[in-house]
Amino acid sequence: TTKIIMDTDPGIDDAAALTMAINDPAIDLKLVTAVAGNVTVDKTTANALKIIHFFSKDIPVAAGAEQPLIKPFEDAARIHGESGMPGYDFGNDYGKPIDKTAVEALHDTIMAEDEVILVPTGSYTNIALLFSEYPEVKSHIKKIVAMGGSVSGGNMTSAAEFNVFTDPDAARIMYNSGIPIVMVGLDVTLKALLTKDTIEKLGQMNKTGEMLHALITHYNDGSDEGRPMHDVNTIFYLLHPEAFTTKKMWVDVQTAGPAIGATVADIRGAYHDGKTNADVCLDIDANYFNQWFLDEVSKMN
Ligand code: BDR
Ligand code: CA
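Residues numbered from 1 in each chain as written. Chains lettered and ligands numbered in written order. Predicted model: local features only at pLDDT ≥ 70, side-chain atom pairs only at ≥ 80, totals over all residues. Heavy atoms only, no water.

- Naming follows an unreviewed UniProt entry, where the chain appears as Ribonucleoside hydrolase RihC of Limosilactobacillus panis.

As structure tokens, this is what we get:
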């Protein structure tokens, strides 16, 4: 099995990514850390707990950064609703986060587990704080499979994708950390839309399908043609890398100016002497993604 830690800001697509990671037997989800992003960190922490509780699992959740390193915090409640997971009643009995900060929990889990993969699906604030406080963790992380960025234009500004835009300084630290990164950005997530037909089928499948269907029908991203389940692409990549076309590139991040939050990829490989820090996902089999999504949920309750 693949040992992972998810650092997340649920968020509707984060909730779906957690659903897959919790239930797929090939994935061993060791820890969930929450960060401010789609909504405030108290809400993203509660939402992560709600999803884990929905599946009656006992996976630790730690609360993380309340705001980006430098840039003022701006949420995405207009996309994900005020609660971050609208349209479904998860009840009030979903437990509490552990008594450690996200940085402490990340440190302890990474040092205890060998070869863990970090899967950030929110902004990278917790990860940047972790690397500056405990640089020794870096050699214990196998790789980072991160949703965020784009080499083909943004969804926040014309240049920047939301997770990187939210905390560009943290993203810059992560991309320059020396840890191999798989960039699962808008180049693929906007291609792998969950179709109207897939979403309808989910609603008729089982309790999990109904829950996801309720959240997705309250999701203000995409169009009637389909909904981008951005964060779920990280889990799909872990399980089915053959569905992706990737290219090794040097990626850095713009931290100021009109293109703040843009990921700048050296497509030519020239300036960095052929050195690369990221495997950038450029294409994806969208039909396979839809089929896999339905197939995963059909195995749940
Ligand atoms: C990213 O932004 C968030 O709103 C989503 O959860 C996803 O992580 C897509 O740009
Ligand atoms: Ca997210």
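1. Some points on the coordination of the calcium ion (ligand 2)
Right, on to step 1. At this site the calcium ion (ligand 2) is bound by D9 (OD), D14 (OD), D14 (OD), T121 (O) and D231 (OD), with donor distances of 2.2 to 2.5 Å.
Right, on to step 2. Site description for the calcium ion (ligand 2): donor spacing in sequence, D-x4-D-x106-T-x109-D. Taken together, the residues span a long stretch of sequence, with D9 in the loop between β1 (2-8) and α1 (12-23) and D231 in the loop between β8 (226-228) and α11 (232-239) at a distance of 222 residues.
Right, on to step 3. Residue D231 is classed as buried on the basis of its relative accessible area of 2%. (Donors = N, O, S within 2.8 Å, 3.2 Å for Na, K, Ca; no water. Helix = DSSP H or I, 4+ residues; strand = E, 2+ residues; numbered from the N terminus. Buried < 20%, exposed > 50% of the residue type's maximum accessible area, 1.4 Å probe, protein only.)

2. Side note on the UniProt feature "domain: Inosine/uridine-preferring nucleoside hydrolase" (unreviewed entry) in the chain
Right, on to step 1. According to UniProt, the positions carrying the feature "domain: Inosine/uridine-preferring nucleoside hydrolase" (unreviewed entry) are residues 4-290.
Right, on to step 2. In this annotation, residues 4-290 is assigned 34% helix and 20% strand; the end-to-end C-alpha distance for the span is 23 Å. (UniProt positions renumbered as here; feature names shortened; annotations may be inferred.)

3. Some details on α11
Right, on to step 1. The buried fraction of α11 is high, at 8 of 8 residues.
Right, on to step 2. Inspection of α11 places V232, N233, T234, I235, F236, Y237, L238 and L239 among the buried residues, and these make up the whole buried set.

4. Section: the sheet that holds strand β3 (residues 61-63)
Two strands in a sheet stick together by hydrogen bonds in their backbones, pointing the same way (parallel) or opposite ways (antiparallel).
Right, on to step 1. Strand order across the open sheet formed by 8 strands is β3-β2-β1-β4-β5-β6-β12-β9, with mixed pairing between neighbours. Whereas interior strands pair on both sides, the edge strands pair on one side only; in this sheet they are β3 and β9 (244-249). The sheet shows a mean angle of 25° between the axes of neighbouring strands, taken without regard to direction.
Right, on to step 2. Sheet topology note: the β9/strand β12 (residues 278-284) ladder contains 6 bridges and is antiparallel. Bridge pairing in β12 places K248 opposite D279.
Right, on to step 3. This element, α1, spans β1 and β2 (27-34) of the sheet and lies at about 160° to β1. (Pairing = 2+ DSSP bridges. Axes fitted to C-alpha atoms, helices over the stretch in contact; angles between N-to-C directions. Contact = heavy atoms within 4.5 Å.)

5. Focus on the site of ligand 1
Right, on to step 1. Surrounding ligand 1, one finds D13, D14, N38, H80, T121, M147, N155, E161, F162, N163, H230 and D231.
Right, on to step 2. In the environment of ligand 1, an oxygen atom lies 3.0 Å from a nitrogen or oxygen atom belonging to the backbone of T121.
Right, on to step 3. Contacts to ligand 1 include N155, whose side-chain N or O atom sits 2.8 Å from an oxygen atom.
Right, on to step 4. Here ligand 1 has 280 Å² of accessible area as a free molecule, and 96% of this is covered by the chains.
Right, on to step 5. Counting residues per element, the ones that place at least two in the shell around ligand 1 are α1 and α6 (162-166).
Right, on to step 6. Residues of the shell around ligand 1, tallied by class, amount to 2 nonpolar, 6 polar and 4 charged. (Near = heavy atom within 4 Å. Polar contact = N/O pair within 3.5 Å; in protein donor to acceptor, adjacent residues only side chain to side chain. Areas by Shrake-Rupley, 256 points an atom, 1.4 Å probe, with all protein chains shown as cover. Nonpolar A, V, L, I, M, F, W, Y, C, P; charged D, E, K, R; others polar.)

6. Describing the packing of aromatic side chains
Right, on to step 1. In the structure shown here, the tally under the stated rule is 12 aromatic pairs.
Right, on to step 2. Between F54 and F90, the ring centres sit 6.1 Å apart and the planes meet at 70°, which makes this aromatic pair edge-to-face. Taken together, the residues span a long stretch of sequence, with F54 in helix α2 (residues 41-54) and F90 in the loop between α3 (77-80) and α4 (102-112) at a distance of 36 residues.
Right, on to step 3. Since its relative accessible area comes to 13%, F54 is described here as buried. (Phe/Tyr/Trp six-rings, centres within 6.5 Å; stacked < 30°, edge-to-face > 60°.)

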